[in-house]
Every structure is written in structure tokens, then in C-alpha cells.
Amino acid sequence: KWHSSGTLSRMHIRELFARARLLVYPSHYEGYGLPIIDALTLGKPVIALDNEVNRELKSTLSDTNFVLVHSFDELPALIPAQLERNGRLKKPPAGVRRWKQVAEEYVASFRELLKQPPDANKLRARHEFVRVMESTRHP
């Protein structure tokens with residue numbers, strides 16, 4: 001079943017993730033990896049495209065349920081393998097986390113990142129990437 005993004009409530013998205021067996025996140029150009037974090041928090045395996053943001057997220061999370069692919073061509077073989085490997089998915093943590101707790105965790109993570117000196121080369125490369133992506137967008 002398909003759902004259009006931008007119109008779904010946070011609760012509806014959480015329900016979709018809770019019922020899912022696997023999250024395939026094939027986006028080349030997407031926010032901060034929040035859907036990936038949401039799915040992994042629920043113990044769901046995640047397959048995402050290998051890009052700079054997802055590599056950074058993977059190195060931070062160190063979760064074996066998080067797999068990166070270089071191409072969509074890898075998905076037909078990888079999806080069944082991930083589902084089989086995760087036949088019995090990890091159960092979500094006991095209790096339901098509240099949005100306030102999640103927000104506090106994000107804030108703590110961002111504070112840690114902000115303590116690090118900026119990498120000018122990385123910032124320039126990301127700016128150039130966003131500029132190129134914006135220039136190829138169709139009206």
C-alpha cells in the first residue's frame with residue numbers, strides 16, 4: 001500500500017513502522033535520517049542507500065539491522081535475506097517512548113555534534129550537493 005508523504009500524522013507513521021517487517025529507505029536526498037532512527041528504535045531492519053548522511057548515521061548507531069546499498073539493483077536479493085535473517089525481529093524497548101524523551105535525545109546528540117569543530121570541506125561538499133540537487137528539480 002502506498003502513502004503520500006507530507007500528509008501523514010506522526011502517529012500514523014509510527015503505526016506503519018510498527019507493522020512493517022522492514023524499512024527500505026531509498027532516498028538520495030532526505031532530512032536527517034529520522035525515519036531510519038524510528039524504524040531501528042522499533043527493532044526493524046533498515047536498508048538505505050549508501051550516501052554520506054547514511055554512512056555517518058550508520059557509524060554513529062552501530063546497529064547490525066542497518067544495511068547500506070550502493071544501488072537499487074541490490075534490493076531484490078537483499079530484502080529477502082534481511083527478512084530471513086531477521087525472522088524474529090528484536091522486540092521494541094519496554095514501554096512507549098514519549099516524544100519529549102526522543103526530542104531530548106536528539107538535542108543531546110546535536111549538542112555533542114556542535115562541540116566538534118566544523119569541517120569546512122564537508123560543509124562545502126554538502127552545500128554543492130544540495131545546490132546540484134536543487135538545480136535538477138523539476139517544477
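What this report covers is the structure whose coordinates are included nearby.

Rules used in this analysis
- Residues numbered from 1 in each chain as written.
- Predicted model: local features only at pLDDT ≥ 70, side-chain atom pairs only at ≥ 80, totals over all residues.
- Heavy atoms only, no water.
- Helix = DSSP H or I, 4+ residues; strand = E, 2+ residues; numbered from the N terminus.
- Contact = heavy atoms within 4.5 Å.
- Areas by Shrake-Rupley, 256 points an atom, 1.4 Å probe, with all protein chains shown as cover.
- Pairing = 2+ DSSP bridges.
- Axes fitted to C-alpha atoms, helices over the stretch in contact; angles between N-to-C directions.
- Patch = residues over 30% accessible without salt bridge, like charges linked within 9 Å, V, L, I, M, F, W, Y side chains within 5 Å.
- Salt bridge = Lys/Arg side-chain N within 4 Å of Asp/Glu carboxyl O.
- Buried < 20%, exposed > 50% of the residue type's maximum accessible area, 1.4 Å probe, protein only.
- Polar contact = N/O pair within 3.5 Å; in protein donor to acceptor, adjacent residues only side chain to side chain.
- Core = buried A, V, L, I, M, F, W, Y, C linked by side-chain atoms within 4.5 Å.

When helices and strands are counted, the protein chain shows six helices and three strands. Secondary structure elements of the protein chain occur, N-terminal to C-terminal, as α-β-α-β-α-β-α-α-α. Pairs at least 24 residues apart make up 45% of the contacts formed inside the protein chain by residues separated by at least 6 positions. Summed over its atoms, the accessible surface of the protein chain is roughly 10,600 Å², and 59% of this surface lies on carbon and sulfur atoms.

Looking now at the sheet that holds strand E2 (residues 46-49). Strand order in this open sheet of three strands is E1-E2-E3, and the pairing throughout is parallel. In this open sheet, the two strands that pair with only one neighbour each are strand E1 (23-25) and strand E3 (66-69). Averaged over all pairs of adjacent strands, the angle between strand axes in this sheet comes to 20°, irrespective of strand direction. In this structure, E2 lies alongside E3, joined through four bridges in parallel fashion. If you follow Leu-49 over to E3, its bridge partner there is Val-69. Relative to the sheet, helix H2 (residues 34-41) contacts E1, E2 and E3, its axis offset from that of E1 by approximately 165°.

Taken together, the side chains of Phe-110, Leu-113 and Leu-114 define a hydrophobic patch exposed on the protein surface, amounting to about 330 Å² of accessible area. The topology assignment puts Leu-113 in helix H5 (residues 99-115). Classification of Leu-113 as partly exposed rests on a relative accessible area of 45%.

What follows covers the side chain of Asn-51. Following the sequence through the fold, Asn-51 ends up in the loop between E2 and helix H3 (52-61). Of note is the side chain of Asn-51, whose polar atom sits 3.2 Å from the backbone nitrogen of Val-53. For Asn-51, the side chain forms a polar contact with the main-chain nitrogen of Asn-54, separated by 2.8 Å.

So, on to the nonpolar core. The biggest cluster of nonpolar side chains holds 15 residues, and the ones touching the most others in it are Leu-23, Ile-36, Val-46, Ala-48 and Phe-66. At the level of secondary structure, the elements contributing two or more residues to this core comprise E1, H2, E2, E3 and H5. Broken down by element, the residue count for this core peaks at four residues, all from H2. Judged by nonpolar contacts, the second largest core, of seven residues, contains Leu-22, Val-67, Val-69 and Leu-75.

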